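# Examining the three-dimensional arrangement
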Amino acid sequence: MAYYNSGNQIQRETPVVFNLIIINVLVYAAQKIIGDKVTDAIALFPINSPFFKPHQVITHMFAHSPNSLMHIIFNMLGLWMFGSMLEKYWGGKKFLIFYLLSGLAAAALHLIMQYLRNPEVGQITQVMYDQAVASEGYIPKYFLGGAVGASGAVMGVMAAFAYLFPNTPLFMMFIPIPIKAKIAIPIMVAIDLFGGFAGIPGDNIAHFAHLGGAIAGFLLVLYWNKTNKKTFY
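The structure displayed is predicted, hence computed values, not measured ones. (Residues numbered from 1 in each chain as written. Predicted model: local features only at pLDDT ≥ 70, side-chain atom pairs only at ≥ 80, totals over all residues. Heavy atoms only, no water.)

Looking only at helices and strands, one finds ten helices and two strands in the protein chain. Order of helices (α) and strands (β) in the protein chain, N terminus to C terminus: α-α-α-α-α-α-α-α-β-β-α-α. For the protein chain, the spread of C-alpha atoms along the principal axes amounts to about 60 × 35 × 35 Å. Every one of the 233 residues in the protein chain was classed for burial, and the buried ones make up 43%. (Helix = DSSP H or I, 4+ residues; strand = E, 2+ residues; numbered from the N terminus. Buried < 20%, exposed > 50% of the residue type's maximum accessible area, 1.4 Å probe, protein only.)

Dropping the structure here:
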């Protein structure tokens, strides 16, 4: 998905977006260079897992799948394209607050739905894990229900973008014609809603994290916009 903007100018004027991208890239580099133990320390584990730690609700949004370069590329591309406009509109401090709150909401809905729908995912104990490691060697913990990625926070950014700039033309993958943001982004949300409840085998996307971020992003921008009628069309 893409739209046209003055890329160099936006990059100079949006230090928060720029630094968020740098942090994500540095963390990804650490995941690749140091290894799986980095991902194990910062991934978001099920709430009933012995590996869950409170800091993970924040750290997970700065990590990505070490086995998928496209995961971080698409997230950072989305952050740059849509986040840059929001940071210019709100300013850096407000945008950072918005981004982090969207990411926290993504983590919250993911954990809640994961526990309600698949409580067994987090029920492995530390003893069971230690025994498995002793017999088979090191096993990455994030394979046991860990979630990583900025997607939830980025979906919040995209939801806010669709609200503030609804008629901006976007170019979606595999669709040769531009689609307005107020149509394209709700379609993406609907796809995540379907994916979250469909339970398709082999689907390892945290759809409810995406939905949590999108819902929080929409509600935040709706609340903030009540006292600020300046909206772009």
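The structure having been displayed, the exposition proceeds.
Attention now moves to the packing of helix α5 (residues 69–90) against helix α8 (residues 151–164). One way to put it is that α5 packs onto α8 with a least axis distance of 9 Å and a crossing angle of 40°. By the angle between their axes, α5 is oblique relative to α8. Of the two possible hands of crossing, α5 and α8 adopt the one that is left-handed. Where α5 abuts α8, its residues His71, Asn75, Gly78, Leu79, Phe82, Gly83, Met85, Leu86, Tyr89 and Trp90 lie against Ser151, Val154, Val157, Met158, Ala160, Phe161 and Leu164. When its residues are assigned to classes, the contact of α5 with α8 shows twelve nonpolar, five polar and no charged. (Axes fitted to C-alpha atoms, helices over the stretch in contact; angles between N-to-C directions. Parallel < 35°, antiparallel > 145°, perpendicular 65-115°, else oblique. Left-handed = near helix turned anticlockwise from the far one by under 90°. Contact = heavy atoms within 4.5 Å. Nonpolar A, V, L, I, M, F, W, Y, C, P; charged D, E, K, R; others polar.)

With that settled, consider the packing of aromatic side chains. Overall, the coordinates contain 13 aromatic pairs when judged by the stated rule. Seen from their ring centres, Tyr89 and Phe165 are 5.9 Å apart, and the 75° between their planes marks the pair as edge-to-face. With Tyr89 in helix α5 and Phe165 in the loop between α8 and β1 (169–170), this pair connects stretches of sequence that are 76 residues apart. We note that Tyr89, like Phe165, is buried. (Phe/Tyr/Trp six-rings, centres within 6.5 Å; stacked < 30°, edge-to-face > 60°.)

With that out of the way, let us pick up the nonpolar core. Of all hydrophobic cores here, the largest spans 40 residues; its most connected members are Leu79, Leu86, Trp90, Phe95, Phe98 and Tyr99. Listed by contribution, the elements that provide at least two residues to this core are α2 (15–34), α5, α6 (92–117), α8, α9 (181–198) and α10 (207–225). With ten residues, α8 is the single largest residue contributor to this core. In contact with Tyr99, not counting residues within four places along its chain, are Leu20, Met61, Leu79, Ala150, Ala153, Val154 and Val157. Counting eleven residues, the second largest nonpolar core, distinct from the first, contains Leu44, Phe51, Ala107 and Leu111. (Core = buried A, V, L, I, M, F, W, Y, C linked by side-chain atoms within 4.5 Å.)

With that out of the way, let us pick up the packing of α6 against α8. Contact geometry for α6 and α8: axes closest at 7 Å, N-to-C directions at 120°. Here α6 is positioned oblique relative to α8, judged by the angle of their axes. With respect to the hand of their crossing, α6 and α8 are arranged in right-handed fashion. Residue-level contacts link Phe95, Phe98, Tyr99, Ser102, Gly103 and Ala106 of α6 to Gly152, Ala153, Val154, Gly156, Val157 and Ala160 of α8. Across the contact of α6 with α8, the residue classes break down as eight nonpolar, four polar and no charged.

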